[in-house]
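Below, each chain spelled out in residue letters.
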Amino acid sequence: MLTRYSYASIDDVVAAVQPVLHRYGLSYWFEQQQSGPSITITCNLGHVSGHSICNTATGSVDNTGNKSALQQIGSTVTYLKRQTLVGILGVACTDDDTDGYVPDMNGDTQPQTQAHYPDADFQRLLPEWRASIESGQQSADRIIRKIRSKAPPTPQQAHQLKAIQPRGH
């Protein structure tokens, strides 16, 4: 019996996310462990500032089909790398299960407006950003770009940041 399906390979995922990760100073790397028939892959996502997070998955060696022992390990490693990478990035691939949710393709086609950066978070981080701008460590535009990577700032938030000047100016 031949099963046919399409999926986003790890190469497809990497090609899609790598330029964005690079633009924002992010990189990823994998760690691998094997204990008997179980393989564990940890995907680490790090920022140039030194912060990092990880996502770990464990699976049994893929003994389906007519694979050699090494091919079975390779198949499992590749699958777990793909799953941990898309998991840590929160990326949806075309073959992901929608858990019963089927988007209404014939319904309202109005584009959804993206929510603005949460004002509570903005107010909480504003003193830190103010100190960073005033000391000359970062510009208001750079902080606005960081905010925009999460959600667009409100016009008031952007204006408030741009009004902050480095000391001595």
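The structure we're discussing is the one just above.
Residues numbered from 1 in each chain as written. Predicted model: local features only at pLDDT ≥ 70, side-chain atom pairs only at ≥ 80, totals over all residues. Heavy atoms only, no water.

1. Re the sheet that holds strand β2 (residues 38-47)
Here is step 1 of the chain: A sheet is described by the order of its strands in space; here three strands give the open sequence β1-β2-β3, paired in antiparallel fashion. At either margin of the open sheet sits one strand with a lone partner, and together these are β1 (26-35) and β3 (52-60). On average, each strand axis in the sheet is tilted by 15° relative to the strand beside it, whichever way the strands run.
Here is step 2 of the chain: As paired elements, β1 and β2 share 10 bridges and run antiparallel to each other. In the sheet register, W29 faces β2, and the bridge partner there is N44.
Here is step 3 of the chain: In this fold helix α1 (residues 10-23) packs onto β1 and β2, with an angle of close to 140° to the strand it touches most, β1. (Pairing = 2+ DSSP bridges. Helix = DSSP H or I, 4+ residues; strand = E, 2+ residues; numbered from the N terminus. Axes fitted to C-alpha atoms, helices over the stretch in contact; angles between N-to-C directions. Contact = heavy atoms within 4.5 Å.)

2. Thoughts on the nonpolar core
Here is step 1 of the chain: Grouped together as the largest cluster of nonpolar side chains are 14 residues, with contacts concentrated most on Y117, F122, W129, I133, I143, I147 and L161.
Here is step 2 of the chain: Elements with a minimum of two residues in this core: α3 (119-134), α4 (140-148) and α5 (155-162).
Here is step 3 of the chain: Top element by residues in this core is α3. It accounts for five residues.
Here is step 4 of the chain: Dropping the residues within four chain positions of it, F122 is found in contact with Y117, W129, I147, Q157, Q160 and L161.
Here is step 5 of the chain: Residues V17, C43, L85 and I88 belong to the second largest nonpolar core, which totals 10 residues. (Core = buried A, V, L, I, M, F, W, Y, C linked by side-chain atoms within 4.5 Å. Buried < 20%, exposed > 50% of the residue type's maximum accessible area, 1.4 Å probe, protein only.)

3. Let's talk about α5
Here is step 1 of the chain: For α5, the complete set of buried residues consists of Q157, A158 and L161. Summarising the axial view, the buried residues of α5 lie within an arc of 95°, below the 170-degree limit, and thus occupy one face. Opposite the buried face of α5, at more than 90 degrees from it, the exposed residues are P155, Q156 and H159.
Here is step 2 of the chain: On its buried face, α5 sits against α3 and α4. (Arc of directions from axis to C-beta.)

4. Regarding α1
Here is step 1 of the chain: Taking 1.5 Å per residue as the helical rise, α1 with its 14 residues ought to reach 20 Å, and the 20 Å between its terminal C-alpha atoms agrees with that figure.
Here is step 2 of the chain: The largest bend in α1 amounts to roughly 40° and is located at V17, with the proline P19 lying one to four residues further along.
Here is step 3 of the chain: Within α1, the full set of buried residues consists of I10, V13, V17 and L21.
Here is step 4 of the chain: A positive phi of about 75° marks G25, the residue just after α1. (Expected span 1.5 Å × (residues − 1). Bend = angle between axes of the 7 residues up to and from the residue.)

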